[in-house]
Amino acid sequence: MDRLSRPLVRAGAIEQIIGAAPGFRDLLICGKLYEIGHLRRTDARDRGRPLYDLVVVDAPPTGQIGAFLSAPGTFEDLIRAGPLKRRAGQTAVFLRRRARLVLVSVPEEMSVAETLEAIPAVVPSGVAVTAIVLNRMLPAVLPRGAGRTLGGLDGDRLATLMASAGLPISSQDAIAVRSEAQADDLRHRHQLAFRKELARAGPVLALPEVPGGSGSGAVLELAGTISGDPVAGAEDLPVPWPGRGAPKTEPSLRPHMEGARIIVVCGSGGVGKTSVSAAVALAMAVEASDAALLTVDPARRLATALRLPMVAGERIEIPVGPGRTLEAMQLDTKRTFDELIRRFARDRERQERVLANAFYRRIADTLSGTHEYMAMEKLYELAMEEDHGLIVVDTPPTRSALSFLDAPHRLTDFLGGRLLRWMLWPTARAGRLTFSAARIGAGAFLRTAGRLVGVEVLADTIDFLASFEGMYAGFKERAAEVLGLLSSPECAFVVVTAPTLASLEEASYFIERLGQANMRAAAVVVNRWHRQARPLPPDAGAVAARLAAGDAEQRVVGAALRAGIRNEPRHAAEAAAMHGFARAHPEIPLLAVPELAGDVHDVPGLRRLAAHLFGRGGTERAQG
């Protein structure tokens with residue numbers, strides 16, 4: 001193997017295997033955990049003790065966690081003999097015995113639903129779910145029963161009560177403080193319902209939302225809560241002066257969608273990308289003929305958002321207006337791959353041979369890049385063969401969305417790569433498309449590979465590649481056509497982000513990649529932005545304390561003011577992050593959507609969101 005390692009690395013074979021072999025990257029990561037878990041100390045005093053007492057793994061998202069943890073067991077079943085099978089089995093046993101899973105959710109319907117779906121998905125791996133962490137929980141804002149009292153106070157009365165405690169404020173600013181407190185109070189009550197729902201599935205640890213929190217300060221605060229030793233006086237930390245408000249934003253997406261028939265919506269996880277995709281599709285389908293909404297994300301967020309029993313590969317029609325419907329569908333990777341095989345296979349015998357091949361059946365669902373490639377194929381089918389007037393594509397989170405753009409090259413490079421040609425060479429020399437133990441002896445590489453993964457698995461692989469060889473040109477041509485479609489004027493990309501530094505930096509990275517690929521970045525939607533009233537003065541905390549010692553009206557106004565003080569760091573951080581993005585990308589239109597009171601989890605909620613996206617948001621009292 002040593003003689004073969006250098007040419008393999010030079011040929012890019014290792015990268016091809018890791019990047020494209022079915023589930024192999026997950027197996028390698030789990031194997032690394034096995035290795036770390038078995039490291040031992042070598043010093044005389046502690047010789048033999050584990051090097052690490054605890055290993056914490058930031059795992060894939062909940063929609064992918066089942067496949068990740070099951071990868072060793074899957075490979076153990078797939079490979080019939082050899083050291084790779086033994087190591088995969090050892091890793092599976094190690095995870096089953098030693099690993100514990102902590103699921104993290106935020107208190108919103110789609111995130112909670114995905115977390116609950118992840119619990120049965122990890123059962124085949126045997127890894128136990130230890131706890132569920134519910135992150136970004138708001139504290140109680142108003143005393144029980146005080147909401148009606150606060151709502152009954154008009155702007156003048158609110159301003160008078162605050163002024164009496166030493167805070168001169170206009171009626172308009174006082175109403176803004178009240179509205180923000182009311183929205184936070186409503187969110188808190190919704191969050192309590194989600195915590196109760198999760199508690200039925202297992203122990204729940206609630207972590208607080210850290211307004212504007214980032215970096216080590218936020219980490220320390222969360223760590224204190226986890227350990228049961230909260231940071232003393234965290235609520236009384238000085239509030240940074242926010243400075244300027246948010247940069248100028250666009251009132252509507254509509255002008256930036258001009259001429260677009262295909263709208264690809266991208267974004268990092270947890271920013272509301274699926275909701276924005278569905279809202280854009282619902283709004284634009286009213287004016288378009290044969291509109292379609294395709295979700296590429298393997299999680300069921302779209303079905304949750306639309307409150308529909310969506311099955312992968314099936315199409316559901318949603319009425320959107322007189323004589324108009326929207327077709328919604330979730331990608332079925334294997335069905336789409338099967339259709340491509342039937343399209344490009346030269347005869348029925350070759351079709352059946354490929355479709356029945358064990359290696360093909362495995363990669364059709366799990367090959368890294370297959371899912372994204374089939375999404376491209378489905379998009380091309382909708383655009384060019386079914387001739388839809390509007391297509392909205394909901395992609396996986398941003399880094400996976402980059403895989404979405406790279407998928408045509410990655411899959412065709414793998415299937416036509418030098419490594420696989422090398423694997424086929426001995427059988428081609430033999431003049432036959434069959435494979436046997438004798439044929440392994442035709443090359444040192446195949447001989448070694450056969451010992452690693454087993455002769456039968458290698459036989460299935462090479463039989464698939466030999467059968468596929470005549471279809472490669474068709475796949476490659478189709479991939480080039482899809483990329484041409486994505487870079488055409490009729491395709492526009494909308495990037496969804498949260499108003500946080502990390503999320504906007506990821507959006508910036510994606511915008512740059514689109515530019516390198518000559519693809520059109522139409523706009524960036526900053527979702528869940530918190531409208532900022534005029535910044536409160538530094539002594540607002542003392543005013544809130546004085547109000548808290550007064551009568552019923554004063555106490556409820558003090559609670560609202562306290563909520564506003566708590567949110568000041570968030571306003572400052574959001575404004576700074578948005579200004580930074582605007583400076584880096586002055587040519588990209590920014591559209592800010594305020595955080596809505598309550599979840600967006602049904603068609604009426606999506607229409608409310610669409611009203612903000614397309615300039616009909618008005619002065620909704622969702623966030624002040």
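Above this note sits the structure.
Attention in this report is confined to the structure presented alongside it. Treat the numbers as computed from the prediction; the structure is a model and nothing was measured.

Within the chain one finds 26 helices and 11 strands. Across the 624 residues that make up the chain, the buried fraction comes to 50%. Restricting to contacts in the chain with at least 6 residues of sequence separation, those with at least 24 account for 76%. Only carbon and sulfur atoms are counted for the fraction: they give 54% of the accessible area of the chain, which is about 28,500 Å².

Here the focus is the nonpolar core. In this structure, I262, V264, I391, L486, F493, V524 and F581 are the most contacted members of the largest nonpolar core, which totals 46 residues. Looking at which element gives the most residues to this core, the answer is helix α16 (residues 370-385), with 7 residues. Excluding anything up to four places from it in sequence, V524 contacts V495, T497, I511, F581, I588, P589, L590 and L591.

Turning our attention to the environment of N518. Here N518 is to be found in the loop between α23 (501-516) and β10 (521-529). For N518, a relative accessible area of 61% translates into the label exposed. Taking C-alpha positions, N518 is 9.1 Å from L486, a pair spaced 32 residues apart along the chain.

Moving on: the side chain of S508. Structurally, S508 can be placed in helix α23. Apart from the residues within four sequence positions on either side, S508 is in contact with F581 and H585.

A few words now on a nonpolar patch on the surface. On the surface, a cluster of nonpolar side chains totalling about 380 Å² of accessible area is made up of L39, L51, Y52, V55 and V57. You can see V55 is positioned in the loop between α3 (24-37) and α4 (62-78). Given the relative accessible area of 39%, V55 is considered partly exposed.

What follows concerns helix α5 (residues 83-98). Over its 16 residues, α5 extends 22 Å from the first C-alpha to the last, a length consistent with the 22 Å expected when each residue adds 1.5 Å. All of the buried residues along α5 are A88, G89, T91, A92, F94 and L95.

Now for the pairing of strand β4 (residues 262-267). The buried fraction of β4 is high, at 6 of 6 residues. Residues I262, V264 and C266 line one face of β4 and the alternating positions I263, V265 and G267 line the opposite face, and both faces are buried. As paired elements, β4 and strand β9 (residues 491-497) share 6 bridges and run parallel to each other. Across the sheet, V264 pairs through a bridge with F493, a residue of β9.

Okay, the pattern of salt bridges next. A complete count under the given rule lists 15 salt bridges for this structure. For the salt bridge of R49 with D53, the shortest nitrogen-to-oxygen distance reads 3.8 Å. According to the relative accessible area criterion, D53 is exposed, its value standing at 65%. One network of salt bridges, with partners in common, ties together R136, D184, R187, E209, R570 and E595.

Attention now goes to the state of the cysteines. Chemically, a disulfide is nothing more than a covalent bond linking the sulfur atoms of two cysteines. Taken as a whole, this structure holds 0 disulfides when the rule is applied. For C491, which is in no disulfide, the shortest distance to another cysteine sulfur is to C266 and amounts to 9.0 Å.

With parallel pairing, 3 strands are arranged side by side in an open sheet as β1-β2-β3. The two strands at the open ends of the sheet, each matched to only one other strand, are β1 (100-105) and β3 (204-208). Direction aside, neighbouring strands of the sheet carry axes that sit 25° apart on average. The sheet strands contacting helix α6 (residues 109-121) are β1 and β2 (128-137), and the helix crosses β1 at an angle near 160°.

The rules behind each value
- Residues numbered from 1 in each chain as written.
- Predicted model: local features only at pLDDT ≥ 70, side-chain atom pairs only at ≥ 80, totals over all residues.
- Heavy atoms only, no water.
- Helix = DSSP H or I, 4+ residues; strand = E, 2+ residues; numbered from the N terminus.
- Buried < 20%, exposed > 50% of the residue type's maximum accessible area, 1.4 Å probe, protein only.
- Contact = heavy atoms within 4.5 Å.
- Areas by Shrake-Rupley, 256 points an atom, 1.4 Å probe, with all protein chains shown as cover.
- Core = buried A, V, L, I, M, F, W, Y, C linked by side-chain atoms within 4.5 Å.
- Patch = residues over 30% accessible without salt bridge, like charges linked within 9 Å, V, L, I, M, F, W, Y side chains within 5 Å.
- Salt bridge = Lys/Arg side-chain N within 4 Å of Asp/Glu carboxyl O.
- Expected span 1.5 Å × (residues − 1).
- Pairing = 2+ DSSP bridges.
- Disulfide = S-S within 2.5 Å.
- Axes fitted to C-alpha atoms, helices over the stretch in contact; angles between N-to-C directions.

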